[in-house]
Amino acid sequence: MGVREDKKRKLQEKIITAARELFLEKEFDQVTMNQIAKRADVGLGTAYNYYASKEELYLVAGGTAFVFGENFEKELRSQTIDQLIDAIMTELKSLAKIEKESWRTSLSSLTKAAEKKPTLFLELVAIDHLFISKLKQTIEELQNQQEINSAVDSVVLLELIYSAMFTSFLFFIYNDQMTFESLEKEIRAKLNQLLKK
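These remarks concern the structure in this document. Because the structure is predicted, anything quoted here is derived from the model rather than measured.

### So, the packing of aromatic side chains
Each aromatic ring pair is summarised here by two numbers: the centre-to-centre distance and the angle between the ring planes.
No. 1: For the structure on display, the rule yields two aromatic pairs.
No. 2: Ring plane angle 45 degrees and centroid distance 4.7 Å describe the contact between Tyr162 and Phe166, whose orientation is recorded as tilted. Of this pair, Tyr162 and Phe166 both sit in helix α10 (residues 154-174), four residues apart, roughly one helical turn.
No. 3: Look at Tyr162 and you get partly exposed, because its relative accessible area is 21%.
No. 4: Both rings, one in Phe169 and one in Phe172, keep their centres 5.8 Å apart while their planes meet at 40 degrees; by these two values the pair is tilted. In this pair, Phe169 and Phe172 both sit in helix α10, three residues apart, roughly one turn of the helix.

### Comments concerning the packing of helix α7 (residues 81-96) against α10
No. 1: Direction vectors running N to C along α7 and α10 enclose 25 degrees, while the axes themselves pass 12 Å from each other. Here α7 lies roughly parallel to α10, going by the angle between them. Crossing handedness for the pair α7 and α10: right-handed. Contacts between α7 and α10 involve Ile88, Leu92, Leu95 and Ala96 from the former and Met165, Phe166, Phe169 and Phe172 from the latter.
No. 2: Per-class residue counts for the contact of α7 with α10 are eight nonpolar, no polar and no charged.

Reading the values: the criteria
- Residues numbered from 1 in each chain as written.
- Predicted model: local features only at pLDDT ≥ 70, side-chain atom pairs only at ≥ 80, totals over all residues.
- Heavy atoms only, no water.
- Phe/Tyr/Trp six-rings, centres within 6.5 Å; stacked < 30°, edge-to-face > 60°.
- Helix = DSSP H or I, 4+ residues; strand = E, 2+ residues; numbered from the N terminus.
- Buried < 20%, exposed > 50% of the residue type's maximum accessible area, 1.4 Å probe, protein only.
- Axes fitted to C-alpha atoms, helices over the stretch in contact; angles between N-to-C directions.
- Parallel < 35°, antiparallel > 145°, perpendicular 65-115°, else oblique.
- Left-handed = near helix turned anticlockwise from the far one by under 90°.
- Contact = heavy atoms within 4.5 Å.
- Nonpolar A, V, L, I, M, F, W, Y, C, P; charged D, E, K, R; others polar.

Right, here's the structure in full:
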């Protein structure tokens, strides 16, 4: 790695570390890019050169610790399908606390940023894969206990769960009339259909 690339990597790490600290200290809406830049001891323009928005940093800096809470893996050690669905819904509820407009801005800026920096897309896909891998063990345990149909391949089932959840969540983000209660009802119905015999 050249000196220039090493300097860029170190600056990115400083910005990510600062963002992670602030998001752990404060609510999402209370954190600004200016605060992140100050904490990282870089100029605001430098922070924006690396990350298009605080929403992008929220996902990249936090990974599953923000997208799915730090206790998510423990909560997934479910004994029943209902407990598993409850754990998933608890995490989706925390995602829904972020305003819909912020999500729309985030998705738009992430798409633009990924065009310039394709590795960002790979980082976000890695977060998705981490979520899926955390679910995989629980799904397989429930299949072994005959709670879930063991004839269905667990990888296929995981992809269907992920698709059902995030398709509904995206519709929720872009539909101002949709409440979290109706989102929860919709996702619970889909997960029950997928998981219960």
